[in-house]
Amino acid sequence: MSNLPYGPPVKISPLIKFGRWSFLTAGILYGAFHQNRLSKKETKLREIEAKEKVIRDEKLRKEKEIAAAGTIHYTNL
Amino acid sequence: MAAVAKLPSLMNSALAAARPKFNIFLQYAKVELAPPKLSEIPQIRAGIGKLLSSAKSGAWRNQTVKQATLNTFVGMEVIFWFYVGECIGKRHIVGYKV
């Protein structure tokens, strides 16, 4: 301890130490809680998106077919 | 190529140079960053009581600019630990990775 270049370590007020550690633990809990909540929310959204994608792809395919038929139709006019 | 070949020795010398400084850091950190002891609870309660009473009585306005600046910085540092903890809790540095 005597070979420390910046003098003896500063005595930190117990209140500051308590504040640091309680904020740190509160932050860990807050982060974990919201990570959990948001990832659950996001997986639900992903499921809905997957369902909607099937419908949308079908719709797009039909539209393309109609468009292809439409160009023939117009050229025949 | 020569630079790549030098990399391991560079790393080793950087580590060797950093180690004594890290040891000094550890010696300070063990004292200054230690969690509060159970025996310090009365002091913590007294500190909280002092904060509350100075907030109530308006005594916090009777300090010099220097004291107020230092107290603000200390308060900011204490609150930033919350964000460090949040980053640890969400296991990602920027934003929530879902």
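Residues numbered from 1 in each chain as written. Chains lettered and ligands numbered in written order. Predicted model: local features only at pLDDT ≥ 70, side-chain atom pairs only at ≥ 80, totals over all residues. Heavy atoms only, no water.

(A) Highlighting the UniProt feature "coiled-coil region" (unreviewed entry) in chain A. UniProt feature "coiled-coil region" (unreviewed entry): in the numbering of this structure it lies at residues 38-65 of chain A. Between the end C-alpha atoms of residues 38-65 of chain A there is a gap of 40 Å, over a span that is 100% helix and 0% strand. (UniProt positions renumbered as here; feature names shortened; annotations may be inferred. Helix = DSSP H or I, 4+ residues; strand = E, 2+ residues; numbered from the N terminus.)

(B) Molecular detail of the environment of B:A2. As for its placement among the helices and strands, B:A2 is situated in helix α1 (residues 2-32). Sequence separation between B:A2 and B:P35 is 33 residues, and the spatial gap between their C-alpha atoms is 47 Å.

(C) Local environment of the domain arrangement of chain B. You can read the domains of chain B as domain 1 (1-34) and domain 2 (61-98). Using C-alpha coordinates to define each centre, domain 1 of chain B is positioned 27 Å away from domain 2 of chain B. (Domains from an automatic or database assignment.)

(D) A look at helix α3 (residues 65-90) of chain B. All names here are of chain B. Taking 1.5 Å as the rise per residue, α3 with 26 residues should run 38 Å; its terminal C-alpha atoms sit 38 Å apart, in good agreement. Of all the positions in α3, only V78, F82, G85, E86, G89 and K90 are classed as buried. Positive backbone phi, at 55°, marks R91, one or two positions downstream of α3. (Expected span 1.5 Å × (residues − 1). Buried < 20%, exposed > 50% of the residue type's maximum accessible area, 1.4 Å probe, protein only.)

(E) A look at a nonpolar patch on the surface. On the surface, a nonpolar cluster with roughly 590 Å² of combined accessible area is contributed by A:F23, B:F73, B:M76, B:I79, B:F80 and B:Y83. Counting residues per element, the nonpolar patch draws most heavily on α3(B), at 5 residues. For B:F80, the location among the structural elements is in helix α3. The partly exposed category is assigned to B:F80, whose relative accessible area is 47%. (Patch = residues over 30% accessible without salt bridge, like charges linked within 9 Å, V, L, I, M, F, W, Y side chains within 5 Å. Areas by Shrake-Rupley, 256 points an atom, 1.4 Å probe, with all protein chains shown as cover. Salt bridge = Lys/Arg side-chain N within 4 Å of Asp/Glu carboxyl O.)

(F) Just the pattern of salt bridges, in detail. All names here are of chain A. Counting across every chain of the model gives 8 salt bridges over all chains. Residue E58 pairs with R61 through a salt bridge whose shortest N-O separation is 2.9 Å. Taken together, the residues span about one helical turn, with E58 and R61 both in helix α1 (residues 14-76) at a distance of 3 residues.

(G) Representation of the interface of chain B and chain A in the model. Taken together, the 31 residues of chain B in the interface contact 31 residues of chain A. Between chain B and chain A the total buried area reaches about 2800 Å² when both faces are included, carbon and sulfur atoms providing 72% of it. Remark: the boundary between chain B and chain A carries 2 salt bridges. One salt bridge in this structure joins B:E77 and A:R20, with 2.8 Å as the shortest N-O distance. Counting the contacts that link chain B with chain A gives 9 residue pairs in polar contact (both at pLDDT 80 or more). (Contact = heavy atoms within 4.5 Å. Buried area = accessible area lost by both parts, 1.4 Å probe. Polar contact = N/O pair within 3.5 Å; in protein donor to acceptor, adjacent residues only side chain to side chain.)

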